[in-house]
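As a plain string of letters, each chain reads:
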Amino acid sequence: MLQQIACQQDIVEIAPQGSARNAAALAYVAEQYGYVYGMAYRTGFRNSLVQVRMYRDPHPKARVREAATIAAHPQGGNGGTVPGLEQGSLKPRPEAVGAVAVVKDLVTFDVMAQYVANRRQKATVYLACAVLTALLLIDRSPVEAVASGGVVALLCTVAFTVGAVRRGKIAQRLTNAGFAVVRDEHGAERFLRPGQPLPGHTNPFTG
């Protein structure tokens, strides 16, 4: 990641092994080098990686922040210290714990969008449960078939509800932290810092 930052790339891709917490810690570091959070999603084999996309912020304040970070951590890309993290670790230092937690909420909210079902997806799932019940009727009693299909439908309903509730709690925390909710070109909810335009394909500050 620091090599990408050193080249002053417009977009920096972060895909650490591990959890959203690790991705958030690295995204926080990128912010200190003048980047701004763009989006997060799962990728890789069996969606095992959380990938975060950061955009270079052209605003003067970002350049001041970048210069201050480089001055304070001149060996950041060579095994030295990096802002906000314990040396050689992705563990946030005490002064960065709160900020990293906010970025983690941003990452988790975006990642969960892949697993929060809309009405069409829910209808498809429940239709599949009905088909399953019909298939079970071929070699099982009506009571067993209906019970099996009902259990699957109930488990799906619980999963939908838990996911929606958890994402709602994250959304509330981001709102309390001063973020504004907007919808992107696909209709998905996104949270932006005050004054931050919706990220574009190559630059978060394009119109």
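Note that the coordinates shown come from a computational prediction; the quantities given were computed from them, not determined experimentally. (Residues numbered from 1 in each chain as written. Predicted model: local features only at pLDDT ≥ 70, side-chain atom pairs only at ≥ 80, totals over all residues. Heavy atoms only, no water.)

It is worth spelling out the packing of helix α4 (residues 97–112) against helix α6 (residues 142–176) at this point. Describing two packed helices takes the angle between their axes plus the distance from one axis to the other. The N-to-C vectors of α4 and α6 enclose an angle of 145°; their axes lie 10 Å apart at closest approach. The handedness of the crossing between α4 and α6 is left-handed. Contact residues: α4 offers Val102, Asp105, Leu106, Thr108, Phe109 and Met112, while α6 offers Gly163, Arg166, Arg167, Ile170, Ala171, Arg173 and Leu174. Classifying every residue of the contact of α4 with α6 gives 7 nonpolar, 2 polar and 4 charged. (Axes fitted to C-alpha atoms, helices over the stretch in contact; angles between N-to-C directions. Helix = DSSP H or I, 4+ residues; strand = E, 2+ residues; numbered from the N terminus. Left-handed = near helix turned anticlockwise from the far one by under 90°. Contact = heavy atoms within 4.5 Å. Nonpolar A, V, L, I, M, F, W, Y, C, P; charged D, E, K, R; others polar.)

Pairing is possible between side chains that carry opposite charge, provided their charged atoms lie close to one another. Under the defined criterion, the tally for this structure stands at 9 salt bridges. Salt-bridge contacts for Arg93 lead to Glu95; the nearest nitrogen and oxygen are separated by 3.0 Å. We classify Arg93 as partly exposed; its relative accessible area is 34%. Taken together, the salt bridges that share partners define one network made up of Arg56, Arg63 and Glu66. (Salt bridge = Lys/Arg side-chain N within 4 Å of Asp/Glu carboxyl O. Buried < 20%, exposed > 50% of the residue type's maximum accessible area, 1.4 Å probe, protein only.)

This part is about a nonpolar patch on the surface. Nonpolar side chains collect at one region of the surface, where Leu127, Val131, Leu135 and Ile138 lie side by side and expose about 430 Å² of accessible area between them. Inspection of the secondary structure puts Leu135 in helix α5 (residues 119–136). (Patch = residues over 30% accessible without salt bridge, like charges linked within 9 Å, V, L, I, M, F, W, Y side chains within 5 Å. Areas by Shrake-Rupley, 256 points an atom, 1.4 Å probe, with all protein chains shown as cover.)

Moving on to the environment of Phe191. Take Phe191: it is sitting in strand β5 (residues 189–192). Judged by its relative accessible area of 7%, Phe191 falls in the buried class. Through-space distance from the C-alpha of Phe191 to that of Met1 is 23 Å; in sequence the pair is 190 residues apart. Apart from the residues within four sequence positions on either side, Phe191 is in contact with Leu106, Phe109, Ala171, Leu174, Thr175, Phe179, Ala180 and Val181.

A word on the packing of helix α2 (residues 20–32) against α4. Where α2 meets α4, the closest approach of the two axes is 8 Å, and the angle between their N-to-C directions is 120°. Here α2 and α4 pass one another in a crossing that is right-handed. Contact with α2, carried on its side by Ala20, Arg21, Ala24, Ala25, Ala27, Tyr28 and Glu31, involves Ala99, Val100, Val103, Lys104, Val107 and Thr108 of α4 and no other residues of that element. Here the residues of the contact of α2 with α4 are counted per class, giving 9 nonpolar, 1 polar and 3 charged.

Here the focus is the packing of aromatic side chains. For the structure shown, the criterion picks out 1 aromatic pair. Each ring, one from Phe109 and one from Phe191, has its centre 5.0 Å from the other, and the planes form 90°; the classification is edge-to-face. Of this pair, Phe109 sits in helix α4 while Phe191 sits in strand β5, and the two are 82 residues apart along the sequence. Taken individually, Phe109 and Phe191 each receive the classification buried, so the pair is uniform in this respect. Over the face of the ring belonging to Phe109 we find Arg167, whose NZ or CZ atom lies 3.7 Å from the ring centre. (Phe/Tyr/Trp six-rings, centres within 6.5 Å; stacked < 30°, edge-to-face > 60°. Lys NZ or Arg CZ within 6 Å of the ring centre and 35° of its normal.)

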